[in-house]
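Architecture at a glance
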Amino acid sequence: MKTHLLYIYTRTPLHVGAGGSVGAIDQPVQRERHTRHPIIPGSSIKGVMRYTADQLDKEFGDEAVKDLFGPELIGENREKEARAGDITFGEARPVAFPVRSAKGSFAYITCPLTLRRFARDAGRSDLSDLPELDDQHCLAGPKVILPTKKRVVLEEYAFESDDAFPADWEEALCGLVDDAVWKEARGRLVLLSDGDFSHFVASACEISQHTKIDPKTGTVASGALFNLESVPTETLFCATVTVVGRKGKDGHYASDGEAELRGLLERHPVLQFGGNSTTGRGFCTVKLG
């Protein structure tokens with residue numbers, strides 16, 4: 001059994017919906033219960049990977065699809081062919097989240113909880129210990145610090161900059177995905193307290209209004225106006241991907257799960273996740289670490 005990290009970097013706003021809501025937002029995104037961090041469920045990631053391999057990729061064979069993702073259980077062969085796939089997908093959680101900055105246009109925020117999760121999953125015990133920050137304090141890169149006041153202003157909040165963002169963590173994060181915009185993260189990273197980070201990821205997602213026009217009246221169709229929440233462009237997620245090495249009925253699966261998945265992502269480095277795909281949402285740069 002071998003575990004890798006899958007990095008997902010949003011190129012357009014991402015909406016992985018949690019269904020309807022009775023609150024102000026009609027269609028919120030899925031969130032982790034205890035932290036309120038937005039997530040991409042493992043089932044959504046697996047579905048996109050399977051669809052890409054089965055429908056969009058010319059080099060992926062039918063047997064490899066069954067070995068990696070499990071067979072489609074339809075009809076008379078349901079019990080005969082039932083078996084789990086050889087790859088498991090964990091939920092994707094945010095590593096860095098973009099917010100408006102008074103200097104440098106925008107910053108990438110993160111927090112000790114998020115980075116410790118990344119270090120644990122990536123096996124990076126070599127990275128430096130992270131300090132426990134007070135609320136309204138931060139460690140920030142030079143591109144977003146107001147030089148005369150040593151402050152960082154994110155959205156409508158001001159934070160005291162206690163020190164620079166840790167250099168070893170910046171080096172580790174900036175090489176995670178091959179995206180032209182993410183390469184500009186150097187100098188824009190800001191470490192906030194866990195509470196301040198949770199506030200921003202809960203309140204600074206994009207909210208857009210959608211409607212349908214009645215062609216007969218030229219006005220909004222009855223009941224067709226709704227609010228849609230989306231994770232903003234330039235958010236970096238990571239998820240665990242485990243190649244289990246399960247045994248099939250005739251011995252170990254014939255397909256090399258890691259090599260097959262890595263080849264699939266090299267041929268399709270940009271994938272689309274979540275809902276509202278026809279309006280251009282959910283395009284992401286994807287890389288297997």
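About the criteria used
Residues numbered from 1 in each chain as written. Predicted model: local features only at pLDDT ≥ 70, side-chain atom pairs only at ≥ 80, totals over all residues. Heavy atoms only, no water. Helix = DSSP H or I, 4+ residues; strand = E, 2+ residues; numbered from the N terminus. Buried < 20%, exposed > 50% of the residue type's maximum accessible area, 1.4 Å probe, protein only. Polar contact = N/O pair within 3.5 Å; in protein donor to acceptor, adjacent residues only side chain to side chain. Contact = heavy atoms within 4.5 Å. Patch = residues over 30% accessible without salt bridge, like charges linked within 9 Å, V, L, I, M, F, W, Y side chains within 5 Å. Areas by Shrake-Rupley, 256 points an atom, 1.4 Å probe, with all protein chains shown as cover. Salt bridge = Lys/Arg side-chain N within 4 Å of Asp/Glu carboxyl O. Lys, Arg positive; Asp, Glu negative; His and termini not counted. Charge placed at Lys NZ, Arg CZ, Asp CG, Glu CD. Axes fitted to C-alpha atoms, helices over the stretch in contact; angles between N-to-C directions. Parallel < 35°, antiparallel > 145°, perpendicular 65-115°, else oblique. Nonpolar A, V, L, I, M, F, W, Y, C, P; charged D, E, K, R; others polar. Phe/Tyr/Trp six-rings, centres within 6.5 Å; stacked < 30°, edge-to-face > 60°. Lys NZ or Arg CZ within 6 Å of the ring centre and 35° of its normal. pLDDT = per-residue confidence, 0-100. Pairing = 2+ DSSP bridges.

With respect to the side chain of Thr285
- One can find Thr285 in strand E15 (residues 283–288).
- When its relative accessible area of 5% is taken as the criterion, Thr285 is described as buried.
- Side-chain polar atoms of Thr285 contact the side chain of Arg11, separated by 2.8 Å.
- Within the local environment of Thr285, its side chain forms a polar contact with the side chain of Asp179, the two groups lying 2.9 Å apart.
- Excluding its chain neighbours within four sequence positions, the residues that come into contact with Thr285 are Tyr7, Ile8, Tyr9, Arg11, Asp178, Asp179 and Pro269.

A short note on a negative patch on the surface
- A surface patch of negative charge is lined by Asp134, Asp135, Asp162 and Asp163.
- Take Asp163: it is sitting in strand E7 (residues 157–164).

Details of a nonpolar patch on the surface
- Judged by side-chain polarity, Ile213, Val220 and Leu225 come together as a nonpolar surface patch covering roughly 290 Å² of accessible area.
- Of note, Val220 is situated in the loop between strand E9 (206–210) and strand E10 (226–230).
- For Val220, a relative accessible area of 46% corresponds to the partly exposed category.

Some words on the packing of helix H1 (residues 42–56) against helix H7 (residues 257–267)
- Where H1 meets H7, the axes come as close as 11 Å, and the angle between the chain directions of the two elements is 80 degrees. Relative to H7, the element H1 lies roughly perpendicular. On H7, the residues touching Met49, Thr52 and Ala53 of H1 are Leu261, Leu264 and Leu265.
- Partitioned by chemical class, the residues of the contact of H1 with H7 number five nonpolar, one polar and no charged.

Description of the packing of aromatic side chains
- According to the stated counting rule, one finds six aromatic pairs in the structure shown.
- On the numbers, 5.2 Å between centres and 75 degrees between planes, the contact of Phe106 with Tyr108 is edge-to-face.
- Residue Phe106 is classed as partly exposed on the basis of its relative accessible area of 21%.
- Take Tyr108: its relative accessible area is 0%, and that puts it in the buried class.
- Judged by centre distance (4.9 Å) and plane angle (75 degrees), the rings of Tyr108 and Trp182 are edge-to-face. Of this pair, Tyr108 sits in strand E4 (residues 106–110) while Trp182 sits in the loop between helix H5 (167–174) and strand E8 (189–191), and the two are 74 residues apart along the sequence.
- Three or more aromatic residues joined by ring pairs form one cluster here, namely Tyr9, Phe106, Tyr108 and Trp182.
- When the ring centre of Phe106 is taken as reference, the NZ or CZ atom of Arg188 above it lies at 4.8 Å.

Observations regarding the confidence of the model for the protein
- Looking at the protein, pLDDT values average 89 and 92% of them are 70 or higher.
- Within the protein, E8 carries the highest mean pLDDT (98), whereas strand E13 (residues 251–252) carries the lowest (60).

Remarks on the pairing of strand E1 (residues 2–10)
- Of all nine residues in E1, seven are buried; the element is thus mostly enclosed.
- Two elements, E1 and strand E11 (residues 236–243), share eight bridges in a ladder whose sense is antiparallel. Bridged to Tyr7 within E11 is Cys238.

Thoughts on helix H4 (residues 112–122)
- Within H4, burial applies to Pro112, Thr114, Leu115, Arg117, Phe118 and Ala119.
- Just downstream of H4 lies Gly123, where phi reads positive at about 70 degrees.

Section: the pattern of salt bridges
- Here the structure, examined in full by the defined rule, presents 17 salt bridges.
- Between Arg93 and Asp121 there is a salt bridge, with its nearest N and O atoms 3.2 Å apart. With Arg93 in strand E3 (residues 93–100) and Asp121 in helix H4, this pair connects stretches of sequence that are 28 residues apart.
- Owing to a relative accessible area of 18%, Arg93 belongs among the buried residues under this scheme.
- Judged by relative accessible area, which is 23%, Asp121 ranks as partly exposed.
- Among the salt bridges present, the one from Arg151 reaches Glu160, with a minimum N-O distance of 2.9 Å.
- Given a relative accessible area of 34%, Arg151 falls into the partly exposed group.

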